Each structure stands twice: as C-alpha cells, then as structure tokens.
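Single-letter residue listing:
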Amino acid sequence: VAQERELQMQAVSEVSKLKDALLQERRLRVEAVKAIEDRLQRLEVDYAELKLREAELEKELMLRDAALSSVKAMLGSAAHDEGSDGAHDEGRIAAAQEDDAQESDSQERLHDRAA
C-alpha cells in the first residue's frame, strides 16, 4: 500500500511538472506570436512609407522631365529664331534652371515634412 501511494505521488508530481511545462511552452508561443505580429505591423508601416516615398519620387521625376522638355523646347525655339541673340537665350536658360531648382527645393521640403 505504501509503495502504491508513493507511485501515485510520483505520478501526480510528474503530471504537475508536465502541466507546468505545457503552460510555459504556451506562454512562450503566445509571446512569439505577439512579437511576430508586432514585427509585421512595423513592416507594413515601413512598406506604406516606402510606397509614399516612391510616389513622391515619381512625381518629382515627372516634374523634372517636364522642366527638361520645356528647356529643350525653348532651346529649339531659340535656335530657329533668326532674330534671337545669345543674351536672350542665356536668360531663358537661367530662368528654366531657376524654376527647376525651386521645384527641387519644394520636393525636398515635402519629403522633410513626410519624414
């Protein structure tokens, strides 16, 4: 009878240890899932920020392409004008470059605000 009680106590002790181990494993899994969910959320935010930056860069590229086309058109027009002089052409080029610089500054300020 004493041996049987001893075996029962050992069995109860083993069951208790197994339950504790299972609970600990469950806690660890819950913490791991939470960490993964947190990381996923941060990645989603990073992705959204990158998509926004990509859109800003595409817009800036379009503006620069338009400015470049405008400058090329002005240069082409000036080259075909018989009565144009070099100083007038230089003024147009300088104005176009100034416009491009201002657009670039505006884009940088928008980027700084977004960041």
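Everything here concerns the structure above.
Here the structure is a predicted model, which is why all the values come from computation and not from measurement. (Residues numbered from 1 in each chain as written. Predicted model: local features only at pLDDT ≥ 70, side-chain atom pairs only at ≥ 80, totals over all residues. Heavy atoms only, no water.)

A. Highlighting the overall build of the chain. The number of helices and strands found in the chain is two helices and zero strands. Accessible surface, the chain: about 9900 Å² in total, of which carbon and sulfur atoms supply 57%. (Helix = DSSP H or I, 4+ residues; strand = E, 2+ residues; numbered from the N terminus. Areas by Shrake-Rupley, 256 points an atom, 1.4 Å probe, with all protein chains shown as cover.)

B. Helix α1 (residues 2-80), seen in detail. Over its 79 residues, α1 extends 115 Å from the first C-alpha to the last, a length consistent with the 117 Å expected when each residue adds 1.5 Å. Turning to α1, its buried residues number three or more, namely E56, E60, A67, V71 and A78. (Expected span 1.5 Å × (residues − 1). Buried < 20%, exposed > 50% of the residue type's maximum accessible area, 1.4 Å probe, protein only.)

C. Local environment of the pattern of salt bridges. Evaluation of the coordinates by the stated rule reveals five salt bridges. We note a salt bridge from E25 to R29, for which the minimum N-O separation is 2.7 Å. Remark: R29 and E25 occur in helix α1; sequence separation between them is four residues, near one turn of the helix. Between D38 and K34 there is a salt bridge; the shortest N-O distance is 3.4 Å. Note that D38 and K34 are positioned in helix α1 at a spacing of four residues, about one turn of the helix. (Salt bridge = Lys/Arg side-chain N within 4 Å of Asp/Glu carboxyl O.)

Shape is all these values report; function is a separate question.
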